[in-house]
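Remarks on the overall topology
What follows is each chain in one-letter form.
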Amino acid sequence: MSIEVIKPGLASSIQDKGRQGYYHLGIPPSGGMDQRSLIAANLLLGNPEGAAVIECALMGPELRFTETRKVAACGAEMLPRVDGDSQPLNEVFEVPAGATLSFDFVRAGARLYLAVEGGIDVPERLDSRSTYALGSLGGLHGRTLQAGDSLALLPVHGKAINGRSLPDNLVPVFSRRYELRVMPGLYAHRLEPDSAKRFYQEDWSVASEADRIGYRMKGGSKLDFIQREPPFGAGDDPSNIVDACYPIGSIQVPSGSEPIILHRDAVSGGGYAMIGTVISADMDTVGQIQPHQKVRFVQVTLEQALAARARYQQVLEQLRNIP
């Protein structure tokens with residue numbers, strides 16, 4: 001009852017919904033960067049929505065199944081193939097014993113979530129099977145997958161149905177340009193007024209340094225911070241502050257040059273000013289943006305952010321009620 005990793009892909013790792021309650025100790029939540037797609041893949045199979053899956057970033061793995069299992073692949077558009085024959089995305093299909101599952105190059109989006117009937121069996125660490133590679137915690141040996149790895153599978157509990165698929169209105173739509181809604185941060189007042197305006201008026205490009213820790217942005221104008229005498233405990237960089245906690249989604253701009261959106265493997269605090277935070281409803285979107293694609297930040301109010309979160313929760317409820 002295992003899956004053999006022939007080729008690991010670019011940065012494939014075991015992820016579930018993440019570990020909660022340890023961020024104050026410096027341990028981030030980890031978990032799928034696109035929670036909606038992870039949950040969708042599991043629910044299609046009848047798995048618990050937080051079962052461990054394989055998160056495949058930009059290039060999928062090549063996997064040999066030692067027993068017949070049904071699977072579902074949701075998220076980025078990487079066409080699955082079983083022994084070379086194409087299979088559907090966002091729909092349950094079967095991989096026979098001895099067959100090889102592989103994926104075409106990504107056409108849209110950045111991360112695909114491969115759920116296997118029953119779920120992947122790796123040890124739970126701090127109430128989660130998610131991989132936090134920077135801390136060598138969770139997943140398989142605390143790292144991304146490697147050729148030669150063997151992934152144990154949990155017993156099948158439900159009765160997955162071949163052909164069960166996501167309704168069209170629940171299939172994610174990808175683009176080459178994105179708008180990310182942002183709540184101004186605790187240190188937004190540190191920006192010069194003109195710089196604060198430009199931050200929301202200009203397009204930014206996702207840099208190649210975009211991973212589970214954070215997404216770096218390039219191409220916009222340098223942001224100027226209001227000059228001041230650095231307080232005791234802060235560094236000399238204009239963007240430095242006395243150390244503070246970082247929420248997931250917060251945006252820091254070291255030296256004012258390249259904004260970084262912190263994601264699910266980010267450190268929990270540090271000495272850079274947070275000028276805003278991408279709202280929780282848009283964090284799945286961040287995880288699906290490819291390098292070099294364009295982003296525009298849009299400032300929203302607390303009421304708008306809460307309304308977006310409520311709509312996101314409604315989508316998850318629709319996933320839970322797929323016939």
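All residue numbers refer to positions counted from 1 along the written sequence of the respective chain. Local features in this predicted model are restricted to residues of pLDDT 70 or higher, and side-chain atom pairs are both shown and tallied only at a pLDDT of 80 or more, whereas totals for entire chains, interfaces and linings draw on every residue. To obtain the side-chain values, all non-hydrogen atoms of the structure were included, while hydrogens and water were left out.

A closer look at the packing of aromatic side chains
Any two rings among Phe, Tyr and Trp, with Trp reduced to its six-membered ring, count as a pair given centres within 6.5 Å; such a pair is stacked if its planes are under 30 degrees apart, edge-to-face if over 60, and tilted if neither. Enumeration according to the criterion identifies 3 aromatic pairs in this entry. Taking 6.0 Å as the distance between ring centres and 50° as the angle between the ring planes, the aromatic pair formed by Phe199 and Trp204 counts as tilted. Taken individually, Phe199 and Trp204 each receive the classification buried, so the pair is uniform in this respect. An aromatic cluster is defined as three or more aromatic residues linked by ring pairs; in this entry it consists of Phe199, Tyr200, Trp204 and Phe297. Buried means the residue's accessible area, taken with a 1.4 Å probe over protein chains only, is under 20% of the maximum for its type, while exposed means over 50%, and partly exposed covers the values in between.

A word on the pairing of strand E20 (residues 294-299)
Alignment of strand E12 (residues 177-184) against E20, held across 6 bridges, turns out to be parallel. Pairing of Leu180 across the sheet is with Phe297, part of E20. Note that strand E13 (residues 204-210) and E20 share 2 bridges and pair antiparallel. Counted as the bridge partner of Ser205 is Lys294 from E20. For two strands to count as paired, DSSP must find a minimum of two bridges between them. Here a strand is any run of E in DSSP of at least two residues, a helix any run of H or I of at least four, and the numbering for each starts at the N terminus.

Let's talk about the side chain of Asn47
The residue Asn47 is located in the loop between helix H1 (35-45) and strand E3 (53-57) in this model. Exposure remark for Asn47: the relative accessible area of 7% places this residue in the buried category. Residue contacts follow a heavy-atom distance rule, with two residues in contact if any of their heavy atoms lie within 4.5 Å. Beyond its immediate stretch of four places on either side in the chain, Asn47 contacts Asn42, Ala115, Val116, Glu117, Gly118 and Gly119.

A few points about the packing of H1 against helix H4 (residues 302-320)
Two elements in contact, H1 and H4, have axes separated by 9 Å at closest approach and are oriented at 15°. With respect to H4, the axis of H1 lies roughly parallel. Between H1 and H4 lies a crossing of right-handed hand. Facing H1, whose interface residues are Gln35, Arg36, Ile39, Ala40 and Leu43, H4 presents Tyr312, Val315, Leu316, Leu319 and Arg320. Partitioning the contact of H1 with H4 into residue classes produces 7 nonpolar, 1 polar and 2 charged. Helix axes are fitted to C-alpha atoms over the stretch in contact, other axes to C-alpha atoms as well, and angles between N-to-C directions run from 0 to 180 degrees. Note that the term roughly parallel is reserved for angles under 35 degrees, roughly antiparallel for angles over 145, roughly perpendicular for angles of 65 to 115, and oblique for everything else. Take the far helix as the reference: if the near one is turned anticlockwise from it by less than a right angle, the crossing is left-handed, and if turned clockwise, right-handed. Residues are grouped as follows: Ala, Val, Leu, Ile, Met, Phe, Trp, Tyr, Cys and Pro are nonpolar; Asp, Glu, Lys and Arg are charged; every other residue, Gly included, is polar.

Things to note about the side chain of Gln35
Locating Gln35 in the fold gives a position in helix H1. Taking the relative accessible area as the measure of exposure, Gln35 reaches 11% and is therefore buried. Among residues more than four places away in sequence, those in contact with Gln35 are Asp16, Lys17, Arg264, Asp284 and Tyr312.

Some remarks on the environment of Asp194
You can see Asp194 is positioned in helix H2 (residues 193-201). Taking the C-alpha atoms as reference, Asp194 lies 58 Å from Lys159; in sequence the two are 35 residues apart.

Looking at the sheet that holds strand E9 (residues 100-103)
Spatial strand order, E7-E6-E9-E4-E1-E11: 6 strands in an open sheet with antiparallel pairing. Two strands bound the open sheet, and with one partner strand each, they are strand E7 (85-86) and strand E11 (150-152). By the bridge criterion, 2 bridges tie strand E4 (residues 62-65) to E9 in an arrangement that is antiparallel. Following the sheet pairing, Arg64 is matched in E9 by Thr100.

Topic: the sheet that holds strand E16 (residues 250-252)
The mixed closed barrel is built from 7 strands, whose spatial order is E12-E19-E16-E17-E14-E13-E20. Strand-to-strand twist of the sheet, defined as the mean angle between neighbouring strand axes without regard to direction, takes the value 40°. In this structure, E16 lies alongside strand E19 (residues 274-278), joined through 3 bridges in antiparallel fashion. Following the sheet pairing, Ser250 is matched in E19 by Thr277. On top of the sheet, H2 reaches E12, E13, E16, E19 and E20; it is set at about 125° to E20, its chief contact.

Here's the deal with the pattern of salt bridges
A side chain of one charge can pair with a side chain of the opposite charge when the charged atoms of the two come close. Whenever Lys or Arg places a side-chain nitrogen within 4 Å of a carboxyl oxygen from Asp or Glu, that contact is recorded as a salt bridge. Within the structure shown, the criterion is met by 18 salt bridges. Across the salt bridge formed by Lys17 and Glu49, the nearest N and O atoms sit 2.8 Å from each other. Taken as a pair, Lys17 in the loop between strand E2 (13-15) and H1 and Glu49 in the loop between H1 and E3 lie far apart in primary sequence, 32 residues in all. Its relative accessible area of 30% is what places Lys17 among the partly exposed residues. By relative accessible area, Glu49 is classed as buried at 17%.

Examining the nonpolar core
Throughout this description, the term nonpolar core refers to a set of buried Ala, Val, Leu, Ile, Met, Phe, Trp, Tyr and Cys residues connected via side-chain atoms within 4.5 Å. One finds Tyr215, Ile261 and Phe297 to be the most contacted residues of the largest nonpolar core, which totals 62 residues. Top element by residues in this core is H1. It accounts for 7 residues. Residues in contact with Ile261, not counting those within four places in the same chain, are Leu180, Ile213, Gly214, Tyr215, Met217, Gly249, Ser250, Ile251, Val278, Met283 and Phe297. Of all hydrophobic cores here, the second largest spans 28 residues; its members include Ile3, Ile54, Val71 and Ala99.

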